[in-house]
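Understanding the architecture of this molecule
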Amino acid sequence: MRFLELIGTIILKYALIFREGDGTMKRIGLTGGIASGKSTASAILRGWGACIIDADAIAHGLMEPQAPLYEAYRAHFGEGVILPDGQLNRRRIGQIAFADPAEKRWLDETAHPVIRRAIEQELERAEAAGEPAVILDIPLLFETGWQAHVDESWLIDVPEPLQLARLQSRNGYSREEATRRIAAQMPLSEKRRLADVIIDNSGTEQELMERLHVLWQKQPHQAAGSNSRKEETHI
Ligand SMILES: CC(C)(COP(=O)(O)OP(=O)(O)OC[C@H]1O[C@@H](n2cnc3c(N)ncnc32)[C@H](O)[C@@H]1O)[C@@H](O)C(=O)NCCC(=O)NCCS
Ligand SMILES: Nc1ncnc2c1ncn2[C@@H]1O[C@H](COP(=O)(O)OP(=O)(O)OP(=O)(O)O)[C@@H](O)[C@H]1O
């Protein structure tokens, strides 16, 4: 019996080594302006089995009652940003921060180091689990310097008038509120210059899916022997 257990352990160990390959996990930064379609793209990729790390979701978790950003925001913005159910009024905080550069700076300086540490932990977990590739869905990839920590950056790209329309329709923002949020980010022209791969999302979701599929086929999880070489692509 002992002998069989030993054989089982050895087989399991080698199976894990085989699965983990050489231990190098490809990191892909998926970014884009607000309401460009990052979450839509992530959901499609997740459906194909991609390992996704969602920076906005991590940030929101850190804003739950008792979490570090909840306490920091409450202390800074006061009781006026607490909803009757005890949750943070994130929309209200956005209205304050995106209308006042000093408040926006405070928000960034407070939130980004905390979010960064949480993302790093998620990346370590993915690496330890032997993921061949991970997609980091992060709106501020270029603004926060995360670009240096990924192997490749993918930009979900939409023309600005369409971005404005989708943002207003999704969030119910006025034109002014939506414009302010777009203006708080790096201009799309600059993001296009920095990105390795530009994924056009001005068409239908079906078209987005087709464009992503072309890219997804080339990733390490797929065909054995595919490479992770940086390519200049515009699709
Ligand atoms: C201001 C807050 C409270 C607004 O919350 P809300 O739920 O309304 O928006 P949400 O977090 O879903 O963000 C929506 C989009 O706004 C944009 N955005 C959010 N924060 C920022 C920021 N500091 N600078 C520029 N754009 C931002 C991003 O495109 C993001 O995808 C919240 O976004 C926040 O705490 N932001 C600071 C942390 C941060 O930078 N998060 C984004 C990267 S992880
Ligand atoms: N190809 C498309 N055709 C029509 N609507 C789309 C398309 N792609 C995304 N949308 C819609 O546009 C809105 C913004 O998309 P999504 O939420 O995926 O953007 P995001 O980049 O993740 O936003 P945020 O920066 O706020 O996190 C959503 O309402 C989504 O359903």
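Residues numbered from 1 in each chain as written. Chains lettered and ligands numbered in written order. Predicted model: local features only at pLDDT ≥ 70, side-chain atom pairs only at ≥ 80, totals over all residues.

Helix and strand counts for the chain stand at ten helices and six strands. By sequence separation, contacts in the chain at least 24 residues apart represent 73% of the contacts at least 6 residues apart. (Helix = DSSP H or I, 4+ residues; strand = E, 2+ residues; numbered from the N terminus. Contact = placed C-beta atoms within 7 Å.)

With that settled, consider the site of ligand 1. In the vicinity of ligand 1 lie 18 residues, with Ile34, Arg90, Gly94, Ala111 and Pro139 positioned nearest. Here the shell around ligand 1 is built from residues that sort into eleven nonpolar, two polar and five charged. (Near = placed C-beta within 6 Å. Nonpolar A, V, L, I, M, F, W, Y, C, P; charged D, E, K, R; others polar.)

Neighbouring ligand 2 are 17 residues, the closest being Gly37, Lys38, Ser39, Thr40 and Arg170. Elements represented by at least two residues in the shell around ligand 2 include exactly α2 (38-47), α7 (160-171) and α10 (205-217). Split by residue class, the shell around ligand 2 holds four nonpolar, eight polar and five charged.

With that settled, consider the UniProt feature "binding site: ATP" (unreviewed entry) in the chain. Mapped onto this numbering, the UniProt entry annotates "binding site: ATP" (unreviewed entry) at Ala35, Ser36, Gly37, Lys38, Ser39 and Thr40. Along the chain, the position of Ser36 falls in the loop between β1 (26-32) and α2. Residue contacts for Ser36: discarding those within four places in its chain leaves Ile156, Asp157, Val158, Gln163 and Asn201. By secondary structure assignment, the location of Lys38 is in helix α2. Filtering out sequence-adjacent residues up to four positions away, Lys38 remains in contact with Leu30, Thr31, Gly32, Asp137, Pro139 and Ile156. (UniProt positions renumbered as here; feature names shortened; annotations may be inferred.)

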